[in-house]
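# Per-entry structural report
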Amino acid sequence: MSCFEWFDAGRSLQGEHLLFAETLRARAAHWTEHHDTWLAFWDSDGRLVAGLYLDDDSANQTLLCVGVHLLGNTLQADELHNQLSTLPERPTSLAMTTTGPIEVMANQAADWFESVLQRPVDRWEWTHRGQVYAYAYVFADTTEGLSQMFNKELAPWSLKWRLARRGYVSPKGWVEVRGIGEPDRVIHIRGIRS
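In this text the structure is predicted, and so the values were computed from the model without any measurement.

The next point concerns the overall build of the chain. Within the chain, the secondary structure is distributed over three helices and nine strands. Reading the helices (α) and strands (β) of the chain from amino to carboxyl end gives α-β-β-β-β-β-α-β-β-β-α-β. Its C-alpha atoms give the chain principal-axis dimensions of roughly 60 × 35 × 30 Å. In the chain, 50% of the contacts between residues at least 6 apart in sequence involve partners at least 24 apart. Accessible surface computed for the chain: about 11100 Å², of which carbon and sulfur atoms make up 49%. Computed over 18 positive and 25 negative side-chain charges, the separation of the two mean positions in the chain equals 12 Å.

Quick look at the pattern of salt bridges now. Per the stated rule, a full pass over the model turns up eight salt bridges. Residue Asp-141 pairs with Arg-119 through a salt bridge whose shortest N-O separation is 2.9 Å. With Asp-141 in the loop between strand S7 (131–139) and strand S8 (145–150) and Arg-119 in the loop between helix H2 (102–118) and strand S6 (121–128), this pair connects stretches of sequence that are 22 residues apart. Given the relative accessible area of 15%, Arg-119 is considered buried.

Sheet architecture is open: four strands sit in the order S8-S7-S6-S9, paired in antiparallel fashion. Of all strands in the sheet, those bounded by a partner on one side alone are S8 and strand S9 (185–190). Here the average twist between neighbouring strands, direction ignored, is 20°. Pairing between S7 and S8: five bridges, direction antiparallel. Across the sheet, the residue bridging to Tyr-137 is Ser-147, located in S8.

Let us look at the layout of surface pockets. As a volume, the largest pocket reaches approximately 210 Å³. Considering the residues around the largest pocket, the lining is formed by His-30, Trp-31, Thr-32, Glu-33, His-35, Glu-114, Leu-117, Gln-118, Arg-190, Gly-191 and Ile-192. The element contributing the most residues to the lining of the largest pocket is H2, with three residues. In the lining of the largest pocket, the residues fall into three nonpolar, five polar and three charged.

So, about H2. Taking 1.5 Å of rise per residue, the 17 residues of H2 would be expected to cover 24 Å, and the 24 Å separating its terminal C-alpha atoms lies within 8% of that figure. Buried within H2 we find Ile-102, Met-105, Ala-106, Ala-109, Ala-110, Trp-112, Phe-113, Val-116 and Leu-117. Buried residues of H2, seen end-on, are gathered within an arc of 160° and therefore sit on one face of the element. At its buried positions, H2 is contacted by helix H1 (15–28), strand S2 (47–56), strand S3 (61–71), strand S4 (74–79), strand S5 (96–99) and S9.

With respect to the helices and strands, His-35 occurs in the loop between H1 and strand S1 (37–42). If we ignore the near neighbours within four places in the chain, the residues touching His-35 are Trp-6, Leu-52, Tyr-53, Leu-117 and Arg-190.

The rules we used
Residues numbered from 1 in each chain as written. Predicted model: local features only at pLDDT ≥ 70, side-chain atom pairs only at ≥ 80, totals over all residues. Heavy atoms only, no water. Helix = DSSP H or I, 4+ residues; strand = E, 2+ residues; numbered from the N terminus. Contact = heavy atoms within 4.5 Å. Areas by Shrake-Rupley, 256 points an atom, 1.4 Å probe, with all protein chains shown as cover. Lys, Arg positive; Asp, Glu negative; His and termini not counted. Charge placed at Lys NZ, Arg CZ, Asp CG, Glu CD. Salt bridge = Lys/Arg side-chain N within 4 Å of Asp/Glu carboxyl O. Buried < 20%, exposed > 50% of the residue type's maximum accessible area, 1.4 Å probe, protein only. Pairing = 2+ DSSP bridges. Axes fitted to C-alpha atoms, helices over the stretch in contact; angles between N-to-C directions. 1 Å grid on protein atoms, 1.4 Å probe; cavity = no way out; pocket = protein on both sides within 12 Å on 5 of 7 lines; lining within 4 Å. Points joined across faces, edges and corners; volume = space filled by probe spheres on them. Nonpolar A, V, L, I, M, F, W, Y, C, P; charged D, E, K, R; others polar. Expected span 1.5 Å × (residues − 1). Arc of directions from axis to C-beta.

Written out as structure tokens, the structure is:
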């Protein structure tokens, strides 16, 4: 028996929201890995939000927050803001919108979560003097970026200037690691490789 509850709302749900949550929980009970999931009810408009954090457990790193918004008979799924749980202004490649009966939408939401969990994720790493100075998590099937890190203190000195000249450094100092070139190593993190 598990010590956690999938898609815990922290409050009692009723009616269609309860049916939606129970369907998600039943489907998640068959997942082979634990994932941080949650449910939130927005009193302002009656919206139910179900979310999931996609993590790299080996590095204790959250890669992406994804979820669904259920409002009336409409379901929207996409990446979520990691603190506000809002949908992005412009839909990402993960976006899905559907309408229909609550049971159908609950199963479509579960299908969508499962498809995100199955996507292969790799960590690209760049090293200098035996230390990782940059990494990028990407969906391996599309190389779409999820999160990244660049440590200026560990990077080769000349690289910082070359990246700045080529436009991979923002005025505020953010470095786009794709400008570095091919990674030194690629590590498969999660998901199913085809």
